[in-house]
Each structure stands twice: as structure tokens, then as C-alpha cells.
Amino acid sequence: MTIKEALASNKPIDDITICGWVRTRRDSKGFSFLSINDGSCLANIQAIIDDGIPGSESISMATTGSSVKLKGQLVESPGKGQSFEIKALEIEVTGSADDTYPLQKKGHSPEFLREIAHLRPRSNLFGCVFRTRSRLAYAIHQFFQEKGFVYVHTPIITASDCEGAGEMFRVTTLDGNETDKENDFFGKPTYLTVSGQLEVETFACALSNVYTFGPTFRAENSNTTRHASEFWMIEPEMAYCNLEGDMDLAEEMIQYLITDTLENCAEDLDLFGKFVDKGLMERLHSVSSQAFQRISYTEAVKILEGAEMKFEYPVEWGMNLQTEHERFLTEEHFKSPVTVHDYPKSIKPFYMRVNDDGKTSAAMDLLVPGIGEIIGGSQREERLDVLIKNMENHNISREDYSWYSDLRKYGTVPHSGFGLGFERMLMFVTGVANIRDVIPFPRTPGSADF
Ligand code: 4AD
Ligand code: MG
């Protein structure tokens, strides 16, 4: 039985087996106390090991970090701090740990724990983070499945560059001296995907409402707390949906995910609220219940130009909004999440739908306090002639992307979608400030350990 199940039973159990890792041991005359954690929940369980029970002769090996298996009874605890404890009838020290075990009782900094990413899941903070990550992934599938969206597995190896930013990792079997691309494994240059969007669009143009949820890779050299080289993205795509429907879905999803986390990760959130981000709970409750703001890019630029704050990058119409601008809008000006829509066409990729003004695209970014952009999406260009013009302007090969333009040639439909950065969502619901601390094994420029 897991410790979570044992504590939830809330009544004595005669015959119970608990396995886990020792957090602390305290020896008294005639018995020892062990505090054990198995990662099923934040709480440890206390166990009393009387001298003389089978296995008790090896109790001195049950040091911090060692693994143990206990058989015994779950009994009401006479002591303070817990309502139930284990009275062991048998103990086995499965694996010892010597005094070089790096996780000691005192708290460690996230920076130190990053260097021992193979052991950090055993710390309280990372146990909470990765249980929440698991639940969040489940809630995402639940949200889309309840709405009848079809889950599509888009490829990880691809020949296309969705975002057109050229920030791709090459996948090759050629060695450094070979240059003949035709001799490469796939007979042409291939890359790790930056987004499953182009491929998932083909499924939206057949199965109507679809989503993909998988790893994506970006070789951008930005060493920030919000960028990783490998991260997970959720990308829904809807046929017969315009930008407004797209923004509606994005906002509904964020609120659904926060509500689900509040309901199902209460113990973990409590730790984040106490030790990671004191304002977390208040923010989650307000975001889950309040309507989000929506403004056009042009309105956002006006607000930023009128702001008293001095920005590192001065604002003018036509530029990409920087994180400092996004954070000003959501943290200072609106004090709530805000969706910015209709960005200048010139700063957006080829697939976005051109608005009637000819200057802007039907694009949207959802910005949240503490992070900035958490979602980027758009209505897609469904008119073949306009798409072809966009491709020419972006120097995109008609031949390589003919499968993509075919969707407009045969039964085209208006359609829209977006991408939610899974780790950024996790940062938002946990308050953890660095993306490296919400991914099991982070990959960032210059760092791919473990
Ligand atoms: O805004 P992006 O680049 O949009 C797309 O890739 C579209 N193809 C999505 C779509 O319309 N289907 O990325 C989407 C989101 C961002 O808003 C951000 O949350 C996250 O992905 N993201 C990153 N997260 C971590 N590390 C990075 N390097 C990220 N780059 C983007
Ligand atoms: Mg974006």
C-alpha cells in the first residue's frame, strides 16, 4: 500500500506493507522511529521499530536515503504530529545509503538540486512539482476528451519548419565530413519538430476538432528562466473556428486546468504557497473565477506608450512585444491574464490569416502574470492564393509545403488553433520561477546532463 492510501484510509489496518525511503531515524531505548516517504504524497509516515522484531538487527543501516520495506499494522498514533503510524512487525533494509547521500534534512536550494537531478525527485519540492505535472497532463487530456477532441500523434522528426525561425536541431546520420544531403538517412535534411501544428492542421481538416500534446525542440540560444531547448506543447486545432472561438477555448482551458489543480493537488499547492510563492493561492483563485482581458495589439501598444514605466526596449507599433511589455500589461495594468490579438503581419509566421486591413494577422497571445506569454495561436490562412503569397514573402518552398497548401486546394475551411507551453503552465500553477525546475531533466543551451 502507498503511504497516501494508508493515510487516506484513516482507520487502523491489521496487515500492511509500506515501502519507501528513509527521511530520518531516531533511536530510543528499546525501539527506533523511522520517518518514511514513498513519493505517493508529500506526507511522511512514522514507523516504530521495536528492537527484536525480525530484521531489527540491521536498523543501523536504515540511514537517511536508504530504502526499507516494512510489514506491520497501521495504528492510531499516541504522539503529536500524525494521527496514524506504523507499528512494524518486520523490517527489511533493502538498500543502504552512506553519509555521502546528498539530500540532508535541511532544505537545499533549487540550484543545488538541479545538479543532482537524478535524486531531486526525492525532495519535498520536486515530489510536489512532478506529482502536479502528472495531474496537469491528465487534466489536459480530460479537458479535450470531454469535448470530443481527437488526440493526434504528430511526428517528432520532420522536414518542415513551422515557425519559420530556423531554430531547429538537425537530425542526421551523416558524420561531420559528409555534406551530401541526398545520402542522409531520409534522403533530405530533417529536424526535431518545433511544433506539431502544420501536421495537426491536416487532421483538423478531416476530423474537425483535434489536439496534439508532445515534446518540441528549439535551438534558440536564449538563456532565460522561461525557455528550454526541449519542452512539451499542447496544440488544439479546430475546423470552422475563427480567432474569437480560438481565444474562447484558450481561456476556458486555462481556467479549467487551474480549477482541476486546485481540486486535485491541494497538498502540493499548499507547499508551493508556503515555500515558493506566497501569492500563489490568491492568484489561482482569482484567475480561475475572473473573466480575462482581451485587447488588440494596437491597443496594447497605446497602453505601453502611455505607461510611466521605463522599458529597456521602447515600444513602437510593428515591433514584437518583449517580456517586460507583456508583464507590464498583465501585472501592472490589468492585474489579470490578458489576450492580445491582431498583431502586425510582418512579425508573424506565414500560416497566419491576413486580416482585411492587410497590415495585421489574426494572431493571439495569452499573457499571464509572472510569466508573460503562455499561449500563442492564430486563425490559419485558408485562402490558397493568399497563403501562396505569404509563402513567397517568407521564402518558403511551394514544393516542400505542397501537402500543406493542398488542404486549401481541396475542401478548404476556416480553422484556428494555438500552442500552450506545458512547462510555462506548470510554472504558473506552482509559482516555480525557473523552467528548469518543472522539467524532469532540463535541456538548455550548454546543458544536457543525465
Ligand atoms: O508561440 P509559439 O512559438 O507557437 C507555436 O509554436 C504555434 N505553432 C502554436 C500553434 O498555433 N499551434 O509557441 C507556443 C507556446 C508559447 O506560448 C510558450 O508557452 C511555449 O510554447 N514556448 C516555450 N516554452 C518553453 N521553452 C521555449 N523555448 C518555448 N518556446 C515556446
Ligand atoms: Mg509565440
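Everything numeric here is computed off the predicted structure, so don't read it as measured data. (Residues numbered from 1 in each chain as written. Chains lettered and ligands numbered in written order. Predicted model: local features only at pLDDT ≥ 70, side-chain atom pairs only at ≥ 80, totals over all residues. Heavy atoms only, no water.)

Draft legend 1. Layout of unusual backbone geometry. Although it is not a glycine, Lys335 adopts a positive phi angle of roughly 50°. With respect to the helices and strands, the residue Lys335 is situated in the loop between helix H9 (323-333) and strand E13 (338-344). Relative accessible area serves as the criterion here: at 59%, Lys335 is assigned to the exposed category. Phi is positive for Asn395, close to 55°, though the residue is something other than glycine. Mapping Asn395 onto the fold places it in the loop between helix H10 (384-393) and helix H11 (402-409). (Helix = DSSP H or I, 4+ residues; strand = E, 2+ residues; numbered from the N terminus. Buried < 20%, exposed > 50% of the residue type's maximum accessible area, 1.4 Å probe, protein only.)

Draft legend 2. Molecular detail of the packing of aromatic side chains. The full count for this structure, using the stated rule, is 18 aromatic pairs. Ring geometry for Tyr297 and Tyr343: centres 5.3 Å apart, planes at 40°, overall tilted. Separated by 46 residues along the polypeptide, Tyr297 in helix H8 (residues 297-305) and Tyr343 in strand E13 bring together distant segments of the chain. Among the aromatic residues, those joined into a cluster by ring pairs are Phe143, Phe144, Phe149, Tyr151, Tyr211 and Tyr256. In this arrangement the basic side chain of Lys348 is found over the ring face of Tyr343, its NZ or CZ atom lying 4.3 Å from the centre. Sitting above the plane of the Tyr404 ring, Arg408 keeps its charged end 4.2 Å from the centroid. (Phe/Tyr/Trp six-rings, centres within 6.5 Å; stacked < 30°, edge-to-face > 60°. Lys NZ or Arg CZ within 6 Å of the ring centre and 35° of its normal.)

Draft legend 3. Structural view of the pattern of salt bridges. Within this structure, the stated rule accounts for 19 salt bridges. The shortest N-O distance in the salt bridge between Asp260 and Arg135 comes to 2.9 Å. One end of the pair, Asp260, is in helix H5 (residues 243-264); the other, Arg135, is in helix H3 (residues 124-146), with 125 residues separating them in the sequence. With its nearest N and O atoms 2.7 Å apart, the salt bridge here joins Glu381 to Arg383. Residue class for Glu381 comes out buried when judged on its relative accessible area of 0%. Of the residues examined, Arg383 reaches a relative accessible area of 25% and is grouped as partly exposed. What you see here is one network of salt bridges that share partners, running through Glu201, Glu237, Arg380 and Arg408. (Salt bridge = Lys/Arg side-chain N within 4 Å of Asp/Glu carboxyl O.)

Draft legend 4. Spatial organisation of the domain arrangement of the protein chain. Considered domain by domain, the protein chain is made up of domain 1 (3-95) and domain 2 (120-437). For domain 1 versus domain 2, the distance between C-alpha centres works out to 45 Å. Listed per partner, the contact involves eight residues of domain 1 and eight residues of domain 2. Together domain 1 and domain 2 conceal approximately 630 Å² of surface at their shared face, both sides included; 44% is due to carbon and sulfur atoms. When the area that domain 1 buries against domain 2 is broken down by residue, the three leading residues are Trp21, Arg23 and Leu42, summing to 72%. Taken together, domain 1 and domain 2 are joined by zero salt bridges. Between the two partners, domain 1 and domain 2, sit five residue pairs in polar contact (both at pLDDT 80 or more). Its residues assigned to classes, the side of domain 1 that touches domain 2 comprises four nonpolar, three polar and one charged. (Domains from an automatic or database assignment. Contact = heavy atoms within 4.5 Å. Buried area = accessible area lost by both parts, 1.4 Å probe. Polar contact = N/O pair within 3.5 Å; in protein donor to acceptor, adjacent residues only side chain to side chain. Nonpolar A, V, L, I, M, F, W, Y, C, P; charged D, E, K, R; others polar.)

Draft legend 5. Here's a closer look at the environment of Thr444. The topology assignment puts Thr444 in the segment after helix H12 (422-430). Considering only alpha carbons, one finds Thr444 and Ser229, 215 residues apart in sequence, at a separation of 5.1 Å.

Draft legend 6. Highlighting the pairing of strand E11 (residues 230-239). Within E11, eight of the 10 residues are buried, leaving the element largely enclosed by the surrounding structure. Pairing between strand E10 (residues 209-217) and E11: nine bridges, direction antiparallel. Looking at the pairing, Val210 lines up with Glu237 of E11. Relative to strand E16 (residues 415-421), E11 runs antiparallel, the two being bridged by five bridges. (Pairing = 2+ DSSP bridges.)

Draft legend 7. A look at the site of ligand 1. Residues in contact with ligand 1 amount to 25 residues; listed here are only the nearest, Glu163, Gln197, Arg218, Glu235 and Glu373. The side chain of Arg218 places a nitrogen or oxygen atom 2.8 Å from an oxygen atom of ligand 1. The separation between a nitrogen atom of ligand 1 and a polar side-chain atom of Glu220 is 3.0 Å. Here ligand 1 has 630 Å² of accessible area as a free molecule, and 94% of this is covered by the chains. Broken down by secondary-structure element, the contributors of at least two residues to the shell around ligand 1 are E11, strand E15 (372-379) and E16. Top element by residues in the shell around ligand 1 is E15. It accounts for five residues. Within the shell around ligand 1, the residues separate by chemical class into nine nonpolar, eight polar and eight charged. (Near = heavy atom within 4 Å. Areas by Shrake-Rupley, 256 points an atom, 1.4 Å probe, with all protein chains shown as cover.)

Draft legend 8. Structural view of the sheet that holds strand E3 (residues 45-50). If you walk around this closed barrel you meet the five strands as E1-E2-E3-E5-E4, and the pairing is mixed. Put simply, the sheet's adjacent strands are angled 50° from each other on average, direction ignored. (Axes fitted to C-alpha atoms, helices over the stretch in contact; angles between N-to-C directions.)

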